[in-house]
Amino acid sequence: MSQAFRVPGRGRVDSARTVTFTFDGRRFQGQAGDTLASALLANGHHLMGRSFKYHRARGVVSAGSDEPNALVAVGSGPALQTPNLRATQVEVYEGLTAVSQNRFPCLQFDLGAVNTLAAPLLPAGFYYKTFMWPRSFWDRVYEPVIRRAAGLGVAPTAPDPDHYAFQYAHCDVLVAGAGPAGLAAALAAGRSGAQVILADETAEVGGSLLSDRTSRIDGRPAALWVADILAELAALPNVRVLTRCTAFNYGPHNMVALNQRLTEHLADPAPDMPRERLWQVRAKEVVLAAGALERPLVFEGNDRPGVMLASAAQTYLNRYGVACGKRAVIVTADDSAYRVALDLHAAGVTVAAIADLRPAPDSALMRAAQGAGLTVLPGTTIQRAHGSTRVHSVELARLLPDGSVGKGQHWRADLVLMSGGYTPSVHLFSQSRGKLAFDERLGVYIPGESAERERSAGACRGVYALADVLADGAAAGVAAAGAAGFAADAPSWAVDAADAPGRGGYAGALPRRGKGLLAMAFVDFQNDVTAKDVKLAVREGFRSIEHIKRYTTTGMATDQGKMSNVNALGIAADALGRPVEKVGLTTFRPPFTPVTFGAFASHARGDLFDPDRRTPIDPWARAQGAVFEDVSLWRRARYFPRGSEDMEAAVRRECLAVRGGVGIFDASTLGKIEVVGPDAATFMNRMYVNAWTKLGVGKCRYGLMCRENGFVYDDGVVGRIAQDRFHVTTTTGGAPGVLAMMEDYLQTEWPDLDVWLTSTTEEWAVIALQGPSARAVLAPLVDGLDISAEALPHMSLVEGTIGGVPMRLFRVSFTGELGFEINVPARQGRAVWEAIWDAGQAAGITPYGTETMHVLRAEKGYIIVGQETDGTATPDDAGCGWAVSKVKADFVGKRSLVLPAMQAPDRRQLVGLLTEAPWEVLEEGAQLVARPDEAIPMHVLGHVTSSYFSATLGRSIALAMVSGGRARVGETLHVPMEGRTIAVTVTKPVFYDVEGARLNV
Amino acid sequence: MSDTMQVSRNGFTLVPAADRRRFVLQARPGTLDAAVRALGLAETPAMLAAATGGAVTALRLGPQEFLLLLDPAGAEDSLSALRAGLEGVAHSLVEVSDRQVGLDLSGALVEPALASLTSIDVAGPAFPVGMATRTLLGKADGVLWRTGPDRFRLEIWRSFAPYMSGLLNEAARDAVF
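Here is what the cut-offs are and how they apply
- Residues numbered from 1 in each chain as written.
- Chains lettered and ligands numbered in written order.
- Predicted model: local features only at pLDDT ≥ 70, side-chain atom pairs only at ≥ 80, totals over all residues.
- Helix = DSSP H or I, 4+ residues; strand = E, 2+ residues; numbered from the N terminus.
- Contact = placed C-beta atoms within 7 Å.
- Pairing = 2+ DSSP bridges.
- Axes fitted to C-alpha atoms, helices over the stretch in contact; angles between N-to-C directions.
- Buried ≥ 20, exposed ≤ 12 C-beta atoms within 10 Å, placed from the backbone.
- Domains from an automatic or database assignment.
- Nonpolar A, V, L, I, M, F, W, Y, C, P; charged D, E, K, R; others polar.
- Core = buried A, V, L, I, M, F, W, Y, C linked by C-beta atoms within 7 Å.
- UniProt positions renumbered as here; feature names shortened; annotations may be inferred.
- Parallel < 35°, antiparallel > 145°, perpendicular 65-115°, else oblique.
- Left-handed = near helix turned anticlockwise from the far one by under 90°.

Enquirer: Describe the overall build of chain A, naming the residues involved and giving the relevant values.
Expert: Each helix and strand counted, chain A has 24 helices and 50 strands in total. Principal-axis analysis of the C-alpha atoms places the extent of chain A at approximately 115 × 70 × 55 Å. A separation threshold of at least 6 residues defines the contact pool for chain A, and within that pool the share at least 24 residues apart is 67%.

Enquirer: How would you explain the sheet that holds strand S5 (residues 71-74) of chain A if you had to name every residue and give the values?
Expert: All names here are of chain A. Ordered by their spatial adjacency, 5 strands build an open sheet running S2-S1-S7-S5-S6, and the pairing between neighbours is mixed. Two strands close off the open sheet at either side, each with one partner strand: strand S2 (26-32) and strand S6 (82-86). Averaged over all neighbouring strand pairs, the angle between strand axes comes to 40 degrees, with direction disregarded. Here strand S1 (residues 14-23) pairs with S2 via 7 bridges, running antiparallel. By the bridge assignment, Thr22 is partnered in S2 with Arg27.

Enquirer: Mind laying out the environment of Phe711 of chain A, listing which residues take part and the relevant values?
Expert: All names here are of chain A. The residue Phe711 is located in the loop between strand S36 (700-706) and strand S37 (712-722) in this model. Residue classification places Phe711 among the buried positions, given that 20 C-beta atoms sit within 10 Å. Residues Phe711 and Ala878, 167 residues apart in the sequence, show an inter-C-alpha distance of 9.9 Å. In this view, Phe711 contacts Cys706, Gly871, Thr872, Ala873 and Thr874; residues no more than four positions away in its chain are not counted.

Enquirer: Explain the sheet that holds strand S20 (residues 376-378) of chain A residue by residue, including any values.
Expert: Sheet strands associate in pairs through backbone hydrogen bonding, adopting either a parallel or an antiparallel arrangement. Residues and elements named next belong to chain A. An order of S17-S24-S18-S19-S20 is seen for the 5 strands of this open sheet, with the pairing classed as parallel. The sheet is open, and its two edges are formed by strand S17 (307-309) and S20, each paired on a single side. Neighbour-to-neighbour, the strand axes of the sheet open up by a mean angle of 20 degrees, direction not taken into account. Pairing between strand S19 (residues 350-356) and S20: 3 bridges, direction parallel. Across the sheet, Asp356 pairs through a bridge with Pro378, a residue of S20. Against the sheet, helix H8 (residues 336-346) contacts strand S18 (327-332), S19 and strand S24 (415-419), and its axis sits at roughly 170 degrees relative to S19.

Enquirer: An account of the domain arrangement of chain B is needed here, citing residue identities and associated values.
Expert: Residue and element names in this part refer to chain B. Each domain of chain B was delimited in the assignment, giving domain 1 (7-18 + 99-175) and domain 2 (21-95). Counting residues at the interface gives 8 residues for domain 1 and 7 residues for domain 2. Of all the secondary structure elements, the ones that give two or more residues to the side of domain 1 that touches domain 2 are strand S9 (132-137) and strand S10 (140-148). Residues belonging to the side of domain 1 that touches domain 2 are distributed by class as follows: 4 nonpolar, 3 polar and 1 charged.

Enquirer: I'd love a proper account of the nonpolar core, names of residues and values included.
Expert: Grouped together as the largest cluster of nonpolar side chains are 351 residues, with contacts concentrated most on Val173, Ala185 and Leu417 of chain A. In terms of domain composition, this core takes at least three residues from each of domain 1 (7-18 + 99-175) and domain 2 (21-95) of chain B. If we ignore the near neighbours within four places in the chain, the residues touching Ala185 of chain A are Val175, Val287, Ala289, Ala457, Gly473, Ala474, Ala476, Gly477 and Ala480 of chain A.

Enquirer: Please set out the UniProt feature "domain: SoxA A3" (unreviewed entry) in chain A residue by residue, giving values where relevant.
Expert: In the numbering used here, UniProt assigns the "domain: SoxA A3" (unreviewed entry) feature to residues 521-601 of chain A. Its end C-alpha atoms 40 Å apart, residues 521-601 of chain A is made of 47% helix and 6% strand.

Enquirer: Describe the interface of chain A and chain B, naming the residues involved and giving the relevant values.
Expert: Taken together, the contact between chain A and chain B spans 31 residues of the former and 33 residues of the latter. In terms of residue count, strand S8 (residues 164-176) of chain A provides more of the side of chain A that touches chain B than any other element does, 6 residues in total. When its residues are assigned to classes, the side of chain A that touches chain B shows 14 nonpolar, 6 polar and 11 charged.

Enquirer: Can you break down the packing of helix H12 (residues 531-539) of chain A against helix H13 (residues 545-552) of chain A residue by residue, with the values?
Expert: Residues and elements named next belong to chain A. The contact between H12 and H13 brings their axes to 10 Å, and the two run at 125 degrees. Relative to H13, the element H12 lies oblique. Every pair of crossing elements has a handedness; the one defined by H12 and H13 is right-handed. Here Asp533, Val534, Ala537 and Val538 of H12 come into contact with H13, specifically with Ile548, Tyr551 and Thr552. Considering only residue class, the contact of H12 with H13 consists of 5 nonpolar, 1 polar and 1 charged.

Enquirer: Lay out the UniProt feature "domain: FAD/NAD(P)-binding" (unreviewed entry) in chain A with the relevant residues and their values.
Expert: The feature "domain: FAD/NAD(P)-binding" (unreviewed entry), as annotated in UniProt, sits at residues 172-472 of chain A in this numbering. The annotated region residues 172-472 of chain A carries 22% helix and 37% strand content, and the separation between its end C-alpha atoms amounts to 19 Å.

Enquirer: Kindly report on the environment of Val239 of chain A, identifying the contributing residues and their values.
Expert: Residues and elements named next belong to chain A. By the secondary structure assignment, Val239 is in strand S12 (residues 239-242). Take Val239: there are 22 C-beta atoms within 10 Å of it, and that puts it in the buried class. C-alpha of Val239 to C-alpha of Leu187: the two residues are 52 residues apart in sequence and 8.8 Å apart in space.

If you want it as structure tokens, here you go:
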């Protein structure tokens, strides 16, 4: 079969370029310019999918992005198959591979179709009603079965090999939709000099004009007029025209997201070409020209392949040169279908009858149809369409004056066209939070009051006649350009067309003869929702349209009410006995059409997902075979295994090396902030709980910072470099937050203070040299600086040089040993590190990582903010009450700390824990209770915050936060674990060198 | 991840900028005027503008903030003059020479490449030559300074350089299409 339904001389496809593609493994031919849907139709192939719930055979209904049925997967291979594409939007190219979805084993014969027989058992709310009992069936039976049966398409299983571009753009006027209104708006705005972006979701601009063979604009055929306008727009440097580009999300402040498909239509895209580009457009003004969607009619069998929208058949004929059938019956409530009938008739398709639901239709178009010899049946409805994988006949019946339906008459037809009038596409307007207004005259919702700087033009606000649409678009373009500051003149065009579409229409289910208890008349094709389902929902007590939507699933998923909304509303309003405008409308959610995950991710994948921050010493550590861990965005060396050591063995060795000799540690990731200015000490006094006024120049102090609520936020050693200059350190992860909080207070609360903050985190590489031999290793390197215990005691600092490199040397310790932190400019960090490394060889210098650092500090009872504290610990809870100044007038958190609850004796306090068995290492996070035999739920007294095996002590140690913990020292508590309970003794939190003798040497 | 701070593509080039000593100078606006005089600049740059004279470039990143970029050759003289000019006046001068790296971006596609990273409008009319601002590029902070019609200087913290050049490399690849 080779394109038997192609109409020579019609359409915009390239008749000279034939392409071959496969659908469900079968080879087909189409023409360049075809969509998958038009090419299949050219081959007489209507069946393109199976429905979601009942697995009914489905054909294509529309010719655009509103297509609910013809969802296909394109591409092949585990990574390249893209599911849920609309065949109406997939452009064919040589070698395209597409498959249908939701069928088993094949499209022609689907076992799932037995669901149709069970339809009376699958009513609205089926899942809610049926799968309730027994509870144990949920996980093992119901859920797996439902999941296998439901769902649209199959997700790819391998990583996406394509890449996706992302772009911000700024413009004066964004026009969404390039039909007649959009083109007129873009031209009006473009001529004014405004920066204009015009986006359209289809491959070609022109919209409905590309399917219009009748209208003449300024005497030119519509399609040629489109070409003229496009040429002028292309010549304007301030106008950007984007095709295959869907405006899918209207965000606040006129931030509109567009998704542009770049390679999907190409057989052989350039190798570096991104598959899609996501645009975030910040537009001063927006013109919405989204057009209108024709409504299907709701009658029994309206989902049979071969039943489609009248406007779709017109588009397939006039834009793609395809006749959708040989013998058509048209059912309409609007004049526009008569034009379709005339076009089909002229192309040689037999139009057997036009059933008009209106009792006495009368228009020039109707008379033209009659004049052409077509049978027009006024006051006639469609009772039923017959057929399974293709419609073969229909039953038409008179609408009687009393509202009932008369006896039916059989009509043969392989094509049934529906025209229920037009629904303005208000999705983007609704996303912009604009208020919809019900238009009594048209019986539909149209844009009302705007919430953003936008205006709608043309069919998307219920303006349908071409002359009006062009004028409306031009006026909107002028208004938008004007609002953006550009004076524009509205272009005007003379339109020679008598068609007046959009004045009729029907909302709801068509009247029928008989009860039709088994009749399936679909409202929402995609979600398999029938008219009965909506009525049932109302009978079962649902009043709100939002509830009806959820209960029946109508208008959900990708459809978002494009096809179904107004009909569902009509049925619900009828069942509720309330006018449509009182029932309301459901929310239109973004995206307008589905967007690939890849487009959202764009460059944020793999190595570029997050910045991968590394220190200047990182390459050295990698060369030494260090194992790394993530600490915020940084990679930090966790331990340095030797030979076949595991982490435990390496950490024990590193701990003993530091306590027994000297260890070297990369502390570069510590946050650093330089606080400078005459009011620096005042500022520090207000930000930290500690007192700073009396800290001498050249001295250091442990600083603790709370938030307003009195809970510990961050900590770190602070050195006073000069009277008006502090070198503040923060935790690695806390650095950005601390700087932001300081700036916030400075700028909003204390702008009078003469003090300024500068982040110096990355200015300095920090090398920690720790252990009894640290001084001996360092002393020869520091260019004559005296670093003796007398000259540089614990918690002091000095500026000098190391091998000629400027240095800030801190005598501080987070290990409990004699220790130095050597700050040098980052570019010199590696060289200084290696110089110390070389000098330390004789002393057995050992590199250690964050894990060893954690053990060493826990042996000393030093807290880690975020490990011992969890955002609900006060300084006193964390055992740092000594740091809080009693004399300062105020500091951040002071007001909260004096509240009685913050001083309650049963607050959780930092303690140490020792297990009976020295080898037993508790689990961090484990709970603590008073008695092992307590009934569940036990009363939890606290939890383990840090737990390690201490090589130095030859036993396990743990830190914990325990209710009233300091008063419990000596008590036995219990850690309930799976199947057993571990007894622990509460101790003070310092396990090693309690008096600090090793620090002050 | 590549550590080479070099991207050479059709319409887009990224190379490390010439070495500069860098300082963050913060003070009240009147003091900044005094600093400008001490540094020998013609006039105080307006908000988000740059001023260059001799060995000194001052980027006005905030009402109270300059980022100073100094040619190492003349840096000490400028610094002495600055310190002398601000003697006894409240200010904060902090060296950040090693905190950040400079990247020179150039080429016909430099605007669309940057537009892939920042929501700021980098097109000529909105971001003229001589404008400088701190902004978010992807997930990293940076200072963007337009040095020519098709030229930007990007100043970013050291550890973000591989991420930033990696992102710009991909953005420049995509900008061709």
